[in-house]
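# Fold and contact review
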Amino acid sequence: MLGGTEFVGRAVTEAALARGHEVTVFHRGRHEPPAGVASLHGDRTAEEGLAALADGEWDVVVDTWSHAPAAVRDTARLLAGRAGRYVYVSSRSVYPETAPRGAGEDAPVVDGCADEAGEVEYPQAKRGGELAAVREFGADRTLLVRAGLILGPWENIGRLPWWLARAERGGDMLAPGPRDLGIQYIDCRDLAEWILDAARDGLSGPYDLVSEPGHTTMGALLEACVRVTGHRAVLRWTDPEPILAAGIQPWQQLPVWIPPGELHDRIHGSVVAKAVAAGLRCRPVEETVADTWAWLRSIGGAAPQRPDRPRVGLDPETEAKVLADRRP
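Residues numbered from 1 in each chain as written. Predicted model: local features only at pLDDT ≥ 70, side-chain atom pairs only at ≥ 80, totals over all residues. Heavy atoms only, no water.

### Focus: the sheet that holds strand β5 (residues 142–147)
The 4 strands lie next to each other as β3-β4-β5-β10, forming an open sheet whose pairing is parallel. Because the sheet does not close on itself, it has two edges, and the strands there are β3 (58–63) and β10 (205–209). Taking each pair of neighbouring strands and ignoring which way they run, the sheet shows an average axis angle of 20°. Bridging between β3 and strand β4 (residues 83–91) involves 5 bridges; their strand directions are parallel. Each residue of the ladder has a partner; that of Val62, found in β4, is Val87. Of the strands in this sheet, β3 and β4 are in contact with helix α2 (residues 70–79), which crosses β4 at around 165°. Where helix α5 (residues 188–200) meets the sheet, its contacts fall on β3, β4, β5 and β10, and the angle it forms with β5 comes to roughly 160°. (Pairing = 2+ DSSP bridges. Helix = DSSP H or I, 4+ residues; strand = E, 2+ residues; numbered from the N terminus. Axes fitted to C-alpha atoms, helices over the stretch in contact; angles between N-to-C directions. Contact = heavy atoms within 4.5 Å.)

Right, dumping it as structure tokens:
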């Protein structure tokens, strides 16, 4: 496991250990890996940073890298002769914004470069990582996991943790509507289980990984947040128009939420028939929310934050103003 101490990498590591696998975690040493792994330290961006991987053989490599694609290239090249398969956790962001709703894995993707050593935009970084993995391991030994929105325990982006913290604070809580607006996401643990099953079964090529359309709604998500935090907040459902008129940014200031329209259909209208046919199963949103809340409480209530991602969430003053304006 390249990484293995936070979020998706942590979920894969925990799931592999639970299955009785021998797991090696290659990481920078900034966070403690799960107990029971073999721990190797290194920095993929540093000269000689892969030295700890010079020896050893593995059945499967799982890589979640999302920066310069050359890091994927170098790691895959080093391991190609000593590992059976390479699983690269990519993103549905590799599909351009012009991709139609319902487009599958055969849809056009953005350009990317496997040899790019500098920082590039997220979609191009993920596409470059895909190309690097395939070039070094070959298409038949490379699995490309194009994940959608990922939630669950160990999240270090802040989306679900922000909603939970807001619900715990209580009072009138801005709930962006419509209440029955469908959303798609994948619990990091369901993603991890699918990855391990797919690697075991020898799958290769691209797979879109997110819950099926209609899996849940904004209403179910936020109601679960209110319930697990003690019913301190009162959801005030608000139409998209006044929210947008206030200058509030969907997705960034109100995580997960995107108002109805083309962007919503592209993000929350993915067709994942290929992954479902290959065994994808997604747990109920209530379980994801409850387990994320339990994890947050176990670490003191404050979620870790990736330094390369902006903090999400809406400030109380703006929320209060929108709620005040909606009152008759």
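### Let's talk about empty space enclosed by the protein
For the coordinates displayed, the defined rule picks out 1 cavity of 30 Å³ or more. Estimates place the volume of the largest cavity at around 60 Å³. Forming the walls of the largest cavity are Arg92, Tyr95, Ala99, Pro100, Arg101, Gly102, Ala103, Asp265, Arg266, Gly269 and Ser270. (1 Å grid on protein atoms, 1.4 Å probe; cavity = no way out; pocket = protein on both sides within 12 Å on 5 of 7 lines; lining within 4 Å. Points joined across faces, edges and corners; volume = space filled by probe spheres on them.)

### As for the state of the cysteines
The final tally for this structure, using the stated rule, is 0 disulfides. The structure places no disulfide on Cys282, whose sulfur is separated from the nearest cysteine sulfur, that of Cys188, by 12 Å. (Disulfide = S-S within 2.5 Å.)

### Description of the side chain of Arg159
With respect to the helices and strands, Arg159 occurs in helix α4 (residues 159–169). The buried charged residue Arg159 lacks any salt bridge, with Glu155 as its nearest oppositely charged partner at 5.1 Å. (Buried < 20%, exposed > 50% of the residue type's maximum accessible area, 1.4 Å probe, protein only. Lys, Arg positive; Asp, Glu negative; His and termini not counted. Salt bridge = Lys/Arg side-chain N within 4 Å of Asp/Glu carboxyl O.)

### Comments concerning the side chain of Arg82
In this structure, Arg82 sits in the loop between α2 and β4. Asp55 provides the closest opposite charge to the buried, unpaired Arg82, separated from it by 6.0 Å. There is a polar contact of 2.7 Å between the side chain of Arg82 and the backbone oxygen of Leu53. Ignoring any residue separated from it by four or fewer positions in sequence, one finds Arg82 in contact with Leu53, Ala54, Asp55, Gly56, Glu57 and Trp58. (Polar contact = N/O pair within 3.5 Å; in protein donor to acceptor, adjacent residues only side chain to side chain.)

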